[in-house]
Amino acid sequence: LAKTTQPISMDSYEGQEVNITCSHNNIATNDYITWYQQFPSQGPRFIIQGYKTKVTNEVASLFIPADRKSSTLSLPRVSLSDTAVYYCLVGDYKLSFGAGTTVTVRA
Amino acid sequence: GAGVSQSPSNKVTEKGKDVELRCDPISGHTALYWYRQSLGQGLEFLIYFQGNSAPDKSGLPSDRFSAERTGGSVSTLTIQRTQQEDSAVYLCASSTGGNGEKLFFGSGTQLSVL
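About the criteria used
Residues numbered from 1 in each chain as written. Chains lettered and ligands numbered in written order. Predicted model: local features only at pLDDT ≥ 70, side-chain atom pairs only at ≥ 80, totals over all residues. Heavy atoms only, no water. Helix = DSSP H or I, 4+ residues; strand = E, 2+ residues; numbered from the N terminus. Pairing = 2+ DSSP bridges.

(A) Highlighting unusual backbone geometry. Of note, the bond from B:Ser7 into B:Pro8 is cis; its omega dihedral lies within 30 degrees of zero at -10°. Within the element layout of this structure, B:Pro8 appears in the loop between strand E1 (5–7) and strand E2 (10–13). One non-glycine residue, A:Ser41, adopts positive backbone phi at about 65°. In this fold, A:Ser41 is placed in the loop between strand E3 (33–38) and strand E4 (45–50). Backbone geometry places A:Thr53, a non-glycine residue, at a positive phi of 60°. Counting through the fold element by element, A:Thr53 comes out in strand E5 (residues 53–56).

Shown next as structure tokens:
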């Protein structure tokens, strides 16, 4: 089971791009990389998932290098409402989510 | 319903009492997970159900914790003889299962043991 490492916290300002990098050196060949967002008093919410290269949706982009040992979640032009905890998961979910990255967006 | 439903949303109980937490997954989802989240912490995996297979109970912290899933749908997490350290948010998630699955979470049950 792949273990992930991500920063504990990041601060940003409205309108800036936020990039959160997750390390997963032991990723297995068939593992997907999935990111979730959690607001206070809510369950996590799926943001984006990828296997390799780049994935983009209406919320974020996910960049995965060729060796797949890391991935970067990119949140373009953040707003105050993007303040949340972001979790990176690799492999199956019979793992505990780590502490995630607390992103704080300031005006 | 459209999403994962959990009840109650809040539960206050006295130490030593038993509690039951309910999860109603998205219709058709074969996989169901229970997690526990203590204040300011990440999600701790508790138990996993997939279809008719035997559940993976590897995350249950003690034998006071048990869960069942009836008819492949609704699940109940039971905590017997609650302790103050059991106070946390209990989250349920469901998915279609398989590699690359995406989890859909409920809003959780906030359990407070006095």
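Additional details are given in the paragraphs that follow.
(B) Structural context of the pairing of strand E6 (residues 61–64) of chain A. All names here are of chain A. Both E5 and E6 contribute to a ladder of four bridges, which runs antiparallel. The residue of E6 that forms the bridge with Thr56 is Ser61. Here E5 hands over to E6 after four residues, the two strands then running antiparallel side by side. As defined by bridge partners, E6 adjoins strand E7 (residues 70–75) across three bridges and the pair is classed as antiparallel. Bridged to Ser61 within E7 is Ser74. Taken together, E6 and the strand that follows it, E7, pair antiparallel across an intervening segment of five residues, in which Arg68 is found at a positive phi of about 60°.

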